[in-house]
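Analysis of the macromolecular model
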Amino acid sequence: MKTQKKARVGLKDLAREVGVHVSTVSRALNPDSGHPVAPTLIEKIRKASKRLGYRQNLAAYSLKTNRSRTIGVVVPDITDAVFPPIIRGIEDGLAQSGYVAMLANTDSDMRRQVKVLETMRARGVDGLILASVLRSDKLVSRLADGLPVVTVSRRTDDPRFSSVVHDEDDGIGRLLTHLVSLGHRDIACIAGPQTVSTGFNRYSAFMRHRDLAGLQTRPALVSFARAFNEIEGERCAEQLLVAARPFTAVVCANDRLAIGAISALRRHGIACPSEVSVTGFNDMPLVDRLSPSLTTVRVQHYKAGFEAADVLVDLIENGASAPHHLVLPVEAVVRSSTARVRGATKRKVTEAAGEKS
């Protein structure tokens, strides 16, 4: 004998249970309706909905309100340890206002990003949180036109987009101050890709604070990475060694570049930190477990995601016309990858560079 499927509880059933009109139930369950309902009645309706097992028909809600309560979230590399806590913050921030995230990964491929954004728009997302934008990103500007957008961790030059980023200038300044206090004067830089705001801003901060510290400008001591990963960190460190200019420390644009740089130095028999100090940026999970543990800049990954969600929900529900830009504070975390400069360091680095060239 077949079990009869239980009928879905609808607004009419709730209205009959509470003894009010269907429109009253609809307004009570939809705070965005603009038609207030007495708090005591709202509570009564909510208790009845829980008792009867009522579930909102999201498809009908979307048709009626032109909202899906879904937010598109796009990251460049979901395998990068920096992004999971950001995504968690976004999800928690959205959940408190009844929104859910639709997550996509682009692998830093702009063609893939275009397809992702087109799909998200077609599925009716209410807004976008983007961690994958370039500084000059005309395609994203066009595809996101008309939607509330917040960028997180990165910024774009499009003045319409709100953003939540970290104080990169202060972070790099803290690292250089730390290195100079240890006696370092010949400080190299592995800069990130200049097409993204994090790479550009951290390199700009390095140059500014280098000048403020009275350090010499040496173009040969700067290498530009094409991506924020370990392979590029190794390549850039090799390039610095081939340049045959002595250096005693390397400021890297992120932790993954720093890990690659340490690996390349070790391959040349150059010890970190006794011969070359190395710093990162982000304080991603587990860099405190490396050998040596990494001196870096700690950023607030979870908070950045949470705040990005909060800013976006405000844009959606309150229709703020002016973009909102939030800069979160950072802190330097000193570990064992940095040490006082030693006189022998310069000779060892020069020798290794000579062997390589």
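Residues numbered from 1 in each chain as written. Predicted model: local features only at pLDDT ≥ 70, side-chain atom pairs only at ≥ 80, totals over all residues. Heavy atoms only, no water.

1. Some words on the nonpolar core
Our working rule: Put simply, a nonpolar core is a bunch of buried Ala, Val, Leu, Ile, Met, Phe, Trp, Tyr and Cys residues held in one set by side-chain atoms that sit within 4.5 Å of each other. The cut-offs for exposure are 20% and 50% of the maximum accessible area for each residue type, with area from a 1.4 Å probe on protein chains only; residues under the lower value are buried, those over the upper are exposed, and the others partly exposed. Per the convention used, a helix needs a DSSP run of H or I reaching at least four residues, while a strand needs a run of E reaching at least two, with both numbered from the N terminus. We call two residues in contact whenever any of their non-hydrogen atoms come within 4.5 Å of each other.
In terms of nonpolar packing, the biggest core is built from 51 residues, with Ile-71, Ile-129, Ile-190, Phe-247, Val-250, Cys-252 and Val-278 touching the most fellow members. Looking at this core, the element that brings in the most residues is helix H12 (residues 301–318), giving 8 residues. With residues up to four places along the chain from it excluded, the contact list for Ile-71 reads Leu-94, Tyr-99, Val-100, Ala-101, Met-102, Val-125, Asp-126, Gly-127, Leu-128, Ile-129, Leu-312 and Ile-316. One finds Leu-179, Cys-189, Val-297 and Val-299 within the second-largest nonpolar core, a separate group that totals 18 residues.

2. With respect to the packing of aromatic side chains
To keep things clear, this is the line we draw: The aromatic pairing rule takes the rings of Phe, Tyr and Trp, using the six-membered ring of Trp, and pairs them if the centres are within 6.5 Å, calling planes under 30 degrees apart stacked, those over 60 edge-to-face and the rest tilted. Only when the NZ atom of a Lys or the CZ atom of an Arg is both within 6 Å of the ring centre and within 35 degrees of the ring normal do we say a charge sits over the ring.
Counting across every chain of the model gives 2 aromatic pairs. Relative to Phe-224, the ring of Tyr-203 has its centre 4.9 Å away and its plane inclined at 75°; by these criteria the two rings are edge-to-face. Residue Tyr-203 is found in helix H9 (residues 197–212), and its partner Phe-224 is found in strand E7 (residues 222–224); the two are separated by 21 residues along the sequence. Stacked on the ring of Tyr-99, the Lys or Arg Arg-69 has its end atom at 4.3 Å from the ring centre. Over the face of the ring belonging to Phe-281 we find Arg-202, whose NZ or CZ atom lies 4.0 Å from the ring centre.

3. Structural notes on the environment of Val-75
If you trace the backbone, Val-75 turns up in strand E1 (residues 70–75). Looking at Val-75, the relative accessible area reads 2%, which means it is buried. Taking the C-alpha atoms as reference points, Val-75 and Ser-108, 33 residues apart in sequence, are found 8.3 Å from one another. Each residue touching Val-75, except ones within four places of it in the same chain, is listed here: Phe-83, Ile-87, Leu-103, Ala-104, Asn-105, Thr-106, Ala-131 and Ser-132.

4. Quick look at the side chain of His-209
In this structure, His-209 sits in helix H9. Residues contacting His-209, with those up to four places away along its chain left out, are Asp-169, Gly-173 and Leu-176.

5. Quick word on helix H1 (residues 11–18)
Definition in use: Directions are taken from the helix axis to each C-beta atom, and the arc is the one they span.
Along H1, the residues that are buried comprise Leu-14, Ala-15 and Val-18. Across the axial projection of H1, the buried residues extend over an arc of 100°, all falling on one side. Opposite the buried face of H1, by more than 90 degrees, sit the exposed residues Lys-12 and Arg-16. One or two steps after H1, the chain reaches Gly-19, where phi turns positive at roughly 85°.

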